[in-house]
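Survey of secondary and tertiary structure
The lines below spell out each chain.
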Amino acid sequence: MGRKKGPNIGKALNSIFKTMGKMARAAAAAEKKRQREAIREENRRINTINRLAAQHEREMNRFYAQAERERVRRIKQEEMAEKRAAREQAKALRDEERERVKAAKLQAKLEKQQQIEDEIAEIESENNNWTNAHRLIDHIDLVEEVTTILEKCNTEQQDIDAENTMFDKPKPTKYDAENQAQAEARNIYDTWNAQIELKQAEERFRRFVDFNVPEPSTDISDFNVPEPTRGQAYAMLVKEAESKISTFFPWKQNRLRKEYVSERLNSFFDNIHDEWEKLKAEYENHKLQVHADWEKEKSEYEVLKTNANDELQAKRAQFEKKSKDQAEYIEQRTETILDKSIAKWKDERNDFYSQLRDNLQDNINGDKDFVITAVDDLFPNDDLEMEYFVDIAYDYESSKVFVDLDLPEIEDIPQQKIALTPSGKKSIRQKTQTDLRGDYVNCIFGLAMYVAYNIFNVSVKISEIEISGYTQRKGENSALATDQYVFLVDFTRGVFSEIDFQKFSSLEVMDFFKHHYNMTKTFDLKEIDLSTAYSKMESFTPAEYSEIN
Amino acid sequence: MNNTPIIEMVGQQPDGRYIVILNGIPYNLDEAQYKAINRKKDMPISRLIIWLQSYADENV
């Protein structure tokens, strides 16, 4: 057992050493392995870092490249945006210019259209004036109407208080006269200024009444400074001695102070008492002076107040006198003015009715001179723009007026007319010869009716107007123009006054009266032969106006 | 029928006036009136008398 233990220990030790060697080798191997692993790990880490760095570099390069591309793209975008903006601006300018041109064209078109419309209106108006003179005819006076007005005239003239009369100037009233008198009185008496002066005086006086000079006794109290005593004088001197006298030895100091006080007490007390007396006297004097001043001021104020009152009374008296005088003036003057105004108004009224009665009577009587003069005054007038001349003869016995009417020429007729296009628009056209002749016929017949209308209204006695119309024309083989009669018509008052001239053309109206003219279907009005024209006119049978209506 | 013209346009006189005779009655006219009667000379006598009388009244 003992031997066995020896080798076994050795073996064990050997084994331990071996094991330890193995362990050391293993440890070394492990260390080597760990180092290799560490190196590999380091290499891996470096590789990873290098890879990441390369990756980062690539990414950065990619980023910079992308940023550069983005920058370039943005620049291009901005350039494009600028170009686009420039293009849009140019387009906007072009559009604006186009709109402006368009608007100008439209404006020009509208102006042209307006010009055409004005021209059309002018042509229509001109043609209407030339061919529709008979449309100016309004009311034909009747005997009964004129007689009624004459009776009304006589009645109204007699009744001075009649209302709604033909003399439309109102009768002067007392109110009007009073207004006039007041206006005059204002200038004469000038109560306005007197009233203003009175108001000012009242205001001045009122200020004195409302104000009182305050009594000074209420503001100044009695003299209240207390009378000085010997004790007070003694105390004051003691204080003075204490401040002035100071010695090393107290006993000496007290003695000197007592001596200082006793030497001065009487005179000092007398002085301060005298001062107090003086002050009191001055105060009392001042108080008396203030009161005296107040008394003076009060009396001056009373004088001013009295003066203001005197002025007020004077102004009041002045105003009242002026007002009274003015009232009396207005009353008297109103009567005078009213009397004069009424007298003047009556004269005017009588003149009006006398003139009216004379006119109406002349109208009813239809005396030869009156009719001839009145007709001479009627023509020409400004109603028609055509040229014509009226010559009349008046047969009083038959109440018939004969008119020799110098007509306008066909060449004077407006040359243009307004025609409707197929689309319904108005357009200006030159008249054809037929148009001109048709218009001329309506022109001269309308003129004849317009002349007859005016002559009928000169006098209700005129029962018939026979018109012979002539114009100047050149003969077929002559350069000289001669007078040629182209129509005869006999207007009678009865039928003439019934016709509604707005309903017919003048050519149509002619058929209601005896007439004679020689006209082709194309309105060519031939010269008539006077030696036969009258019998032809007499034999014409007019259309019955009442049958048509 | 009687061939004597019922109206005779005598014409201008030394004094510048014009004479027209109708049915033997002379009428003293100014130039415008004479021209007017000359234009109307074919009218019936009833009208001519009225016109001549009217002109005569004007000349009074």
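Computed from a predicted structure; not experimentally measured.

**Examining unusual backbone geometry**
All names here are of chain A.
- A cis amide bond links Phe379 with the next residue in sequence, Pro380, at an omega value of -5 degrees.
- Residue placement: Pro380 occurs in the loop between helix H7 (368–378) and strand S1 (389–395).
- We note that Asn164 has phi near 50 degrees; this positive angle belongs to a residue other than glycine.
- Mapped onto the fold, Asn164 is located in the loop between helix H2 (143–158) and helix H3 (174–189).
- Positioned with a positive phi, Phe523 is a non-glycine residue whose angle comes to about 65 degrees.
- With respect to the helices and strands, the residue Phe523 is situated in the loop between strand S7 (514–519) and strand S8 (525–526).

**Details of the interface of chain A and chain B**
- On the chain B side, the residues contacting the 19 residues of chain A number 12 residues.
- With both sides pooled, the region where chain A packs onto chain B buries about 1300 Å², and carbon together with sulfur makes up 58% of that total.
- For chain A, the biggest contributors to the area lost against chain B are Phe402(A), Leu530(A) and Tyr534(A); these three give 32% of the whole.
- One can count five salt bridges joining chain A with chain B.
- Residues Arg39(B) and Asp483(A) are paired through a salt bridge, measuring 3.2 Å at the closest nitrogen-oxygen approach.
- On the surface where chain A and chain B come into contact, there are nine residue pairs in polar contact (both at pLDDT 80 or more).
- Mapped by element, the contributors of at least two residues to the side of chain A that touches chain B are S1, strand S2 (400–406), strand S5 (464–474), strand S6 (481–492) and helix H11 (530–539) of chain A.
- The element best represented in the side of chain A that touches chain B is H11(A), accounting for five residues.
- For the side of chain A that touches chain B, a count of residues per class yields nine nonpolar, two polar and eight charged.

**Let's talk about the packing of H2(A) against helix H6 (residues 250–365) of chain A**
Residues and elements named next belong to chain A.
- Where H2 meets H6, the axes come as close as 10 Å, and the angle between the chain directions of the two elements is 155 degrees. By the criterion of interaxial angle, the relationship of H2 to H6 is roughly antiparallel. The interaxial crossing formed by H2 with H6 has left-handed handedness. On the side of H2, the interface is formed by Val146, Thr147, Ile149, Leu150, Cys153, Asn154, Glu156 and Gln157, while H6 contributes Arg349, Asn350, Tyr353, Ser354, Leu356, Arg357, Leu360, Gln361, Asn363 and Ile364.
- For the contact of H2 with H6, the residue count by class is eight nonpolar, seven polar and three charged.

**Quick look at the pattern of salt bridges**
- Counting across every chain of the model gives 37 salt bridges over all chains.
- Arg34(A) is paired through a salt bridge with Glu31(A); the nearest N and O atoms lie 2.4 Å apart. Here Arg34(A) pairs with Glu31(A), and both are found in helix H1 (residues 2–131), just three residues apart, close to one helical turn.
- For Arg34(A), a relative accessible area of 48% corresponds to the partly exposed category.
- A residue is classified by how much of its surface remains accessible, and Glu31(A), at 30% relative accessible area, is partly exposed.
- Its salt-bridge partner being Asp404(A), residue Lys40(B) comes within 2.5 Å of it at the nearest N-O pair. With Lys40(B) in helix H1 (residues 31–40) and Asp404(A) in strand S2, this pair bridges two chains. Asp404(A) shares its class with Lys40(B); the two are buried.

**What to know about the sheet that holds S2(A)**
Residues and elements named next belong to chain A.
- Pairing is mixed across the open sheet formed by six strands, whose spatial order is S1-S2-S5-S6-S7-S8. What marks the edges here is a single partner per strand, and that holds for S1 and S8.
- Relative to S7, S6 runs antiparallel, the two sharing four bridges. The partner of Leu488 across the bridge, within S7, is His516.
- Seen against the sheet, H11 touches S5, S6 and S7 and runs at an angle of roughly 125 degrees to S7.

**Comments concerning the side chain of Arg257(A)**
Residue and element names in this part refer to chain A.
- Position of Arg257 relative to the elements: it lies in helix H6.
- Despite being buried, Arg257 has no salt bridge partner; Glu242 is the closest side chain of opposite charge, sitting 4.8 Å away.
- From its side chain, Arg257 meets the backbone oxygen of Glu242 in a polar contact 3.3 Å long.
- If we skip the residues at most four places from it in the chain, Arg257 touches Ala241, Glu242 and Ile245.

**Thoughts on the packing of aromatic side chains**
Residue and element names in this part refer to chain A.
- Taken as a whole and assessed by the stated rule, the structure comprises 26 aromatic pairs over all chains.
- When the centroid spacing of 5.8 Å and the interplanar angle of 65 degrees are considered together, the rings of Tyr189 and Tyr329 count as edge-to-face. One end of the pair, Tyr189, is in helix H3; the other, Tyr329, is in helix H6, with 140 residues separating them in the sequence.
- Taken together, the ring pairs in this structure connect Phe456, Phe491, Phe496, Phe501 and Phe513 into an aromatic cluster.

**Notes on the pairing of strand S3 (residues 416–420) of chain A**
All names here are of chain A.
- By the bridge criterion, five bridges tie S3 to strand S4 (residues 426–430) in an arrangement that is antiparallel. When the sheet's bridge partners are listed, Gln416 is paired in S4 with Gln430.
- Between the antiparallel neighbours S3 and S4 lie five residues, among them Gly424 with a positive phi of about 90 degrees.

**Digging into the layout of surface pockets**
All names here are of chain A.
- There is about 440 Å³ of room inside the largest pocket.
- Forming the walls of the largest pocket are 18 residues, and the residues nearest its centre are Ile410, Glu411, Arg473, Lys474 and Asp524.
- In terms of residue count, the dominant contributor to the lining of the largest pocket is S5 (four residues).
- Among the residues forming the lining of the largest pocket, the class breakdown is five nonpolar, four polar and nine charged.

**A short note on the side chain of Ser459(A)**
All names here are of chain A.
- Tracing the backbone through its elements, the reader meets Ser459 in the loop between helix H8 (433–456) and S5.
- By relative accessible area, Ser459 is classed as buried at 0%.
- Excluding its chain neighbours within four sequence positions, the residues that come into contact with Ser459 are Asp362, Asn363, Ile364, Gly366, Val371 and Arg493.

**Let's talk about the sheet that holds strand S1 (residues 7–12) of chain B**
All names here are of chain B.
- On the basis of which strands lie adjacent, the open sheet formed by three strands has the order S1-S2-S3 and antiparallel pairing. Unpaired on one side and paired on the other, S1 and strand S3 (25–29) mark the two borders of the sheet. When strand polarity is set aside, the average angle formed by the axes of neighbouring strands in this sheet is 20 degrees.
- Where strand S2 (residues 18–22) lies against S3, five bridges are found, and the strand directions are antiparallel. Bridge pairing in S3 places Tyr18 opposite Leu29.
- Across the face of the sheet, H1 comes into contact with S1, S2 and S3 while running at roughly 150 degrees to S1.
- Against the sheet, helix H2 (residues 45–59) touches S1, S2 and S3, its axis set at about 50 degrees to S3.

What counts and how
- Residues numbered from 1 in each chain as written.
- Chains lettered and ligands numbered in written order.
- Predicted model: local features only at pLDDT ≥ 70, side-chain atom pairs only at ≥ 80, totals over all residues.
- Heavy atoms only, no water.
- Helix = DSSP H or I, 4+ residues; strand = E, 2+ residues; numbered from the N terminus.
- Contact = heavy atoms within 4.5 Å.
- Buried area = accessible area lost by both parts, 1.4 Å probe.
- Salt bridge = Lys/Arg side-chain N within 4 Å of Asp/Glu carboxyl O.
- Polar contact = N/O pair within 3.5 Å; in protein donor to acceptor, adjacent residues only side chain to side chain.
- Nonpolar A, V, L, I, M, F, W, Y, C, P; charged D, E, K, R; others polar.
- Axes fitted to C-alpha atoms, helices over the stretch in contact; angles between N-to-C directions.
- Parallel < 35°, antiparallel > 145°, perpendicular 65-115°, else oblique.
- Left-handed = near helix turned anticlockwise from the far one by under 90°.
- Buried < 20%, exposed > 50% of the residue type's maximum accessible area, 1.4 Å probe, protein only.
- Pairing = 2+ DSSP bridges.
- Lys, Arg positive; Asp, Glu negative; His and termini not counted.
- Phe/Tyr/Trp six-rings, centres within 6.5 Å; stacked < 30°, edge-to-face > 60°.
- 1 Å grid on protein atoms, 1.4 Å probe; cavity = no way out; pocket = protein on both sides within 12 Å on 5 of 7 lines; lining within 4 Å.
- Points joined across faces, edges and corners; volume = space filled by probe spheres on them.

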